[in-house]
Amino acid sequence: MADAFPASSLTARTAPRTAKEELLAAEASMSADQLIQHWGYPGERHSIPTEDGYLLTLQRIPWSRDAGQAEQAGQAAQAGQARPVVLLQHGLLQTADQWLLRGPGQDLALLMSDQGYDVWLGNFRGNTYCKNHMTMSKDNAQFWDFSWHENGFYDLAATIDYVLAVTGQPSLSYIGHSMGTTALLVLLATRPEYNRRVRVASLLAPVAYFSRPRGLTAMLFPITRKIEHDVRAVHMELLPLGSVPRSAVGALCRPGAPTATLCMAAYSHTTGPDPRQMNATLLPTVLSHVPAGSSLGQFVHYAQVQKSGLFRQYDHGVRGNTLRYGQPQPPLYNLSSVVAPVLFHYSTGDYLAHPKDVERLMGEVAGTAAAYKVPWKNFNHGDYMWAVDSYDLLYKTVLKSMREF
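Just so we're clear, the structure is a prediction, and the values are computed from it rather than from any experiment. (Residues numbered from 1 in each chain as written. Predicted model: local features only at pLDDT ≥ 70, side-chain atom pairs only at ≥ 80, totals over all residues. Heavy atoms only, no water.)

A. Expanded view of the overall build of the protein. Of the regular secondary structure elements, the protein holds 17 helices and 11 strands. For a compact globule of 405 residues, the expected C-alpha radius of gyration is about 22 Å, and the protein comes in at 21 Å, within 12% of that figure. For the protein, the C-alpha atoms occupy an extent of roughly 65 × 60 × 45 Å along the three principal directions. Taken across its 405 residues, the protein has 55% of its residues classed as buried. When contacts within the protein are restricted to residue pairs at least 6 apart in sequence, those whose partners lie at least 24 apart make up 77%. Surface summary for the protein: the accessible area is close to 16,500 Å², and the carbon and sulfur share equals 55%. When the 34 positive and 33 negative side-chain charges of the protein are each reduced to one mean point, those points stand 5 Å apart. (Helix = DSSP H or I, 4+ residues; strand = E, 2+ residues; numbered from the N terminus. Rg over C-alpha atoms; globule rule 2.2 N^0.38 Å. Buried < 20%, exposed > 50% of the residue type's maximum accessible area, 1.4 Å probe, protein only. Contact = heavy atoms within 4.5 Å. Areas by Shrake-Rupley, 256 points an atom, 1.4 Å probe, with all protein chains shown as cover. Lys, Arg positive; Asp, Glu negative; His and termini not counted. Charge placed at Lys NZ, Arg CZ, Asp CG, Glu CD.)

This is the structure:
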């Protein structure tokens, strides 16, 4: 594609970038740490190990940009008025960046900071921020031997333990999007003691079942079902950041470019079409941060769930399952063990989390406390982070429900 549409020819055929586009182009290359500071908030970066040796990076926004000096100095915390803690966890192929691309008054992480929360942004192993291990190189195939089971069982456990240790609080609130919801269900089902450490969980676009795939997912699942047996034991990285160079994204997808419509069509075919809520000017920035790396195993595990219709652990084949689990089939995740209060946020236009699948999940999770269907027919999988009207359609409900718990 880059050879067919070189940046020089695209520049000649499109208008000069506006000041807003120049700002978005700068934001497209910023890390989560830089974005936090860019928006005027104090930020911290933390590095933590998991039980199985992966090194994770967390970003933190301890105070709002409007917090007073006394509060920032810790006097409020010393007086027993510590900010409540919230952990935000991204989805497949994403990073903490996803919560920071639009700025104050728009991004959920910044809204929560302004509402008085101590905000932590998690990252899963294998993404841009988490490609280190205590004993292995990322060039070792074994480094990529994981699925979203490990994301929940190890990554979230380590992250929650660390955040609570640093803040000195007994529990936290949790907000997950897409695979960030899957991983939390894995953790609470397999390590029930963590239910006590989650005060309330808001699941945005919950993903556990795929009985009604749509769009690109519906096209890919038949292929993955056929090859799943052959690739279940293959360990490799997929779609790291830079798979499509940022310069090419900026040239191909900016409004006014001849190929901008194709970019929007590809995005919509993956997440669900919602032209009213997708800011076309923001799309190049989004696509400069996504995809940001994953393992093949994460995709294969979802394909296995779609194939079996069961929410269960990774299928290694009869021999591998017998060695690992002591039984020929993978064990089911016991969702009756998920007793922490869980709030489900879902929508009809989401191509990856069909309402019927979410409703099935709600019926199986013992801790289901409330369900909110977004009141916008076309609200899609990406709208949970980037919809033009995300505050009115979703975030004010999330904030209100979190306060109630």
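B. Geometry of the side chain of R102. With respect to the helices, strands and loops of the structure, R102 is situated in the loop between β3 (85–89) and α6 (108–114). Residue R102 is classed as buried on the basis of its relative accessible area of 10%. Polar side-chain contacts of R102 include one of 2.9 Å to the backbone oxygen of M385. Here R102 is in contact with W39, D107, L282, M385, W386, A387, S390 and Y395, once residues within four sequence places are set aside. (Polar contact = N/O pair within 3.5 Å; in protein donor to acceptor, adjacent residues only side chain to side chain.)

C. Representation of the packing of helix α7 (residues 148–167) against helix α8 (residues 179–190). Viewed as axis vectors pointing N to C, α7 and α8 meet at an angle of 80°, and their least axial separation amounts to 8 Å. Judged by the inter-axis angle, α7 sits roughly perpendicular to α8. Residues W148, H149, N151, G152, F153, L156, A157 and I160 of α7 pack against M179, T182, A183, L184, V186, L187 and T190 of α8. Of the residues assigned to the contact of α7 with α8, the class counts are 10 nonpolar, five polar and no charged. (Axes fitted to C-alpha atoms, helices over the stretch in contact; angles between N-to-C directions. Parallel < 35°, antiparallel > 145°, perpendicular 65-115°, else oblique. Nonpolar A, V, L, I, M, F, W, Y, C, P; charged D, E, K, R; others polar.)

D. Just helix α9 (residues 215–231), in detail. With 17 residues, α9 ought to run about 24 Å at 1.5 Å a step, and its terminal C-alpha atoms sit 23 Å apart, in line with that. Taking the largest bend as the criterion, α9 deviates by roughly 45°, centred on R225. Where α9 is concerned, the buried positions are G215, T217, F221 and E228. The elements touched by buried residues of α9 are α11 (260–271) and α13 (296–308). (Expected span 1.5 Å × (residues − 1). Bend = angle between axes of the 7 residues up to and from the residue.)

E. Quick look at the state of the cysteines. Going through the model one piece at a time under the given rule, you end up with one disulfide. There is a disulfide in this structure between C253 and C263, and the S-S distance comes to 2.0 Å. Looking down the S-S bond of the C253 and C263 bridge, the torsion is -70°, so its handedness is left-handed. Taken as a pair, C253 in helix α10 (residues 246–253) and C263 in helix α11 lie far apart in primary sequence, 10 residues in all. Since its relative accessible area comes to 13%, C263 is described here as buried. (Disulfide = S-S within 2.5 Å.)

F. Summary view of the environment of Q34. Here Q34 is to be found in helix α3 (residues 32–38). Along the backbone, Q34 and G367 are 333 residues apart, and their C-alpha atoms lie at a distance of 37 Å.

G. The arrangement of α8 in detail. With 12 residues, α8 should cover 16 Å at 1.5 Å per step; its first-to-last C-alpha distance of 16 Å lies within 8% of that length. Burial of α8 is extensive: 11 of the 12 residues sit out of reach of the surface. Those residues of α8 lying buried are M179, G180, T181, T182, A183, L184, L185, V186, L187, L188 and A189. Among the structural elements, β3, α7, β6 (172–177), β7 (198–204), α13 and α15 (355–364) are those in contact with the buried residues of α8.

H. Focus on unusual backbone geometry. In this model, V290 is joined to P291 through a cis peptide bond whose omega is 5°. For P291, the location among the structural elements is in the loop between α12 (283–289) and β9 (294–295). Despite not being glycine, A205 shows a phi value in the positive range, around 55°. Structurally, A205 is set in the loop between β7 and α9.

I. View of the UniProt feature "active site" (unreviewed entry) in the protein. UniProt marks S178, D350 and H381 with the feature "active site" (unreviewed entry), using the numbering shown here. Taken together, the annotated residues stretch across 204 residues yet fold into one region, lying no more than 10.7 Å apart by C-alpha. Tracing the chain through its elements places D350 in the loop between β10 (342–346) and α15. You can call D350 buried: its relative accessible area is 0%. (UniProt positions renumbered as here; feature names shortened; annotations may be inferred.)

J. Molecular detail of a nonpolar patch on the surface. On the surface, a nonpolar cluster with roughly 430 Å² of combined accessible area is contributed by L216, M219, L220, I223 and I227. With respect to the helices, strands and loops of the structure, M219 is situated in helix α9. (Patch = residues over 30% accessible without salt bridge, like charges linked within 9 Å, V, L, I, M, F, W, Y side chains within 5 Å. Salt bridge = Lys/Arg side-chain N within 4 Å of Asp/Glu carboxyl O.)

K. Layout of the environment of H289. Structurally, H289 can be placed in helix α12. H289 gets classed as buried once you look at its relative accessible area, which sits at 3%. Taking the C-alpha atoms as reference, H289 lies 7.9 Å from S29; in sequence the two are 260 residues apart. Those residues within four positions of H289 in sequence are excluded, and the remaining contacts are E27, A28, M30, L35, D97, L101, L241 and R246. A distance of 3.2 Å separates the side chain of H289 from the backbone oxygen of A28, its partner in a polar contact.

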